[in-house]
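Breakdown of the fold
Chain by chain, the residues:
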Amino acid sequence: PDHPTVGPVMIPTLKVPNKTFDCDFVYGELYVFLSCSGRCINSSCVRRLLYDHSCPNHHHYSRAITLARNGRLTFVVKTRGVYKNNLFPCDNKNCISFDKVCNLADDCGDQSDEINCTNSFKCKSSKIFIPRDNICDGHVDCPDHSDECNSDCSREIIPGIFLKISAWIIGLAAVLMNVLSLKKVITDQWRKTATGLIIRTFKISIHIGDLLVGIYLVIIAFVDSVLIGESYCQKQ
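**Considerations on the side chain of Asp113**
- Along the chain, Asp113 falls in the loop between strand 8 (95-97) and strand 9 (120-122).
- Despite being buried, Asp113 has no salt bridge partner; Arg48 is the closest side chain of opposite charge, sitting 8.2 Å away.
- Among the polar contacts listed, one links the side chain of Asp113 to the backbone nitrogen of Cys108, at a separation of 3.4 Å.

Below, the structure written as structure tokens:
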């Protein structure tokens, strides 16, 4: 409809369910609308206040007017003959439209349009944002593998702190006890008969086998905790 002061005004119509739901799979202007209207379960509103000095990247001739609305001044920008108030102020003072907010792209240039969105995952050592359903899906989307190598789905030689500690304890105990047992079997007096030789050989074989298992556990625990650690997942 035509506004008596500013001329043609576009009033968009959007039909959404009258209930809250998961907003992790909606993006852009729809995400902004849903999160700021209390329709999202775990997402807070990402809109920010605008001031008369906001958005220096928009020319002054496009910031034609402010309209009194509900007792407050609304910052509007003229775009293609239509006045809109759908601007998001970035941390670097620039402004972008709502369709570029929470859309998996760093449109602000400082990531402020994506950093507070719950519908994305930020790669650890880059400015790349990916959808949340791409996390731990078996396919690497981040250059640093952080979408697959993290606390939720990381691959380790020995998974879990309990198994790591157990490997050290069992491995060291097996090495120590079997070394002492081998020493005792070798140095003890034994009956030099065929039966005694068989029993002595059998005991030595058991202790050597258990000793090798203990050494193996210690090596695996050392490699997992000291040599490779968290980088194991990235090398797979």
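**A few points about the pattern of salt bridges**
- This model, assessed by the stated rule, comprises three salt bridges.
- The closest approach of N and O atoms between Arg48 and Asp91, which form a salt bridge, is 2.7 Å. With a gap of 43 residues between them, Arg48 in the loop between helix 1 (28-36) and strand 3 (66-69) and Asp91 in the loop between strand 7 (87-89) and strand 8 connect regions that are remote in the sequence.
- Here Lys184 makes a salt bridge to Asp188, at a shortest N to O gap of 2.9 Å.

**Some thoughts on a nonpolar patch on the surface**
- A cluster of nonpolar side chains, namely Ile161, Phe162, Leu163, Ile165, Ile169 and Ile170, defines an oily patch on the protein surface of about 650 Å² accessible area.
- Within the secondary structure layout, Phe162 lies in helix 2 (residues 161-187).

**Observations concerning the state of the cysteines**
- Counted under the stated rule, the structure contains five disulfides.
- The disulfide that involves Cys90 links it to Cys108, with 1.9 Å between the sulfurs. The disulfide joining Cys90 to Cys108 has a torsion of about -70° about its S-S bond and is therefore left-handed. Taken together, the positions of Cys90 in the loop between strand 7 and strand 8 and Cys108 in the loop between strand 8 and strand 9 put the pair 18 residues apart, joining distant regions of the chain. For the residue pair Cys90 and Cys108, the accessibility class agrees, reading buried in each case.
- With a sulfur-sulfur separation of 2.0 Å, Cys123 is cross-linked through a disulfide to Cys142. Across the S-S bond linking Cys123 and Cys142, the dihedral sits near -75°, which makes this disulfide left-handed. Taken together, the positions of Cys123 in the loop between strand 9 and strand 10 (129-131) and Cys142 in the loop between strand 10 and helix 2 put the pair 19 residues apart, joining distant regions of the chain. The exposure classification of Cys123 matches that of Cys142, with both residues buried.

**Description of helix 2**
- Here helix 2 contains 27 residues, and its C-alpha end-to-end distance of 39 Å stays within 8% of the 39 Å for a straight helix at 1.5 Å per residue.
- For helix 2, the complete set of buried residues consists of Lys164, Ser166, Ala167, Gly171, Ala174, Asn178, Leu182 and Val185.

**Side note on the nonpolar core**
- Membership of the largest hydrophobic core comes to 15 residues, with the highest contact counts inside it found for Cys23, Tyr31, Val46, Phe88, Ile96, Val101 and Cys102.
- Here the element with the most residues in this core is helix 1; it accounts for three residues.
- Those residues in contact with Cys102 that sit more than four places away from it in its chain are Tyr27, Gly28, Tyr31, Val46, Asp113, Glu114, Cys117 and Asn119.
- With five residues, the next largest nonpolar core counts Cys123, Ile130, Ile135 and Cys142 among its residues.

Rules and cut-offs
Residues numbered from 1 in each chain as written. Predicted model: local features only at pLDDT ≥ 70, side-chain atom pairs only at ≥ 80, totals over all residues. Heavy atoms only, no water. Helix = DSSP H or I, 4+ residues; strand = E, 2+ residues; numbered from the N terminus. Buried < 20%, exposed > 50% of the residue type's maximum accessible area, 1.4 Å probe, protein only. Lys, Arg positive; Asp, Glu negative; His and termini not counted. Salt bridge = Lys/Arg side-chain N within 4 Å of Asp/Glu carboxyl O. Polar contact = N/O pair within 3.5 Å; in protein donor to acceptor, adjacent residues only side chain to side chain. Patch = residues over 30% accessible without salt bridge, like charges linked within 9 Å, V, L, I, M, F, W, Y side chains within 5 Å. Areas by Shrake-Rupley, 256 points an atom, 1.4 Å probe, with all protein chains shown as cover. Disulfide = S-S within 2.5 Å. Expected span 1.5 Å × (residues − 1). Core = buried A, V, L, I, M, F, W, Y, C linked by side-chain atoms within 4.5 Å. Contact = heavy atoms within 4.5 Å.

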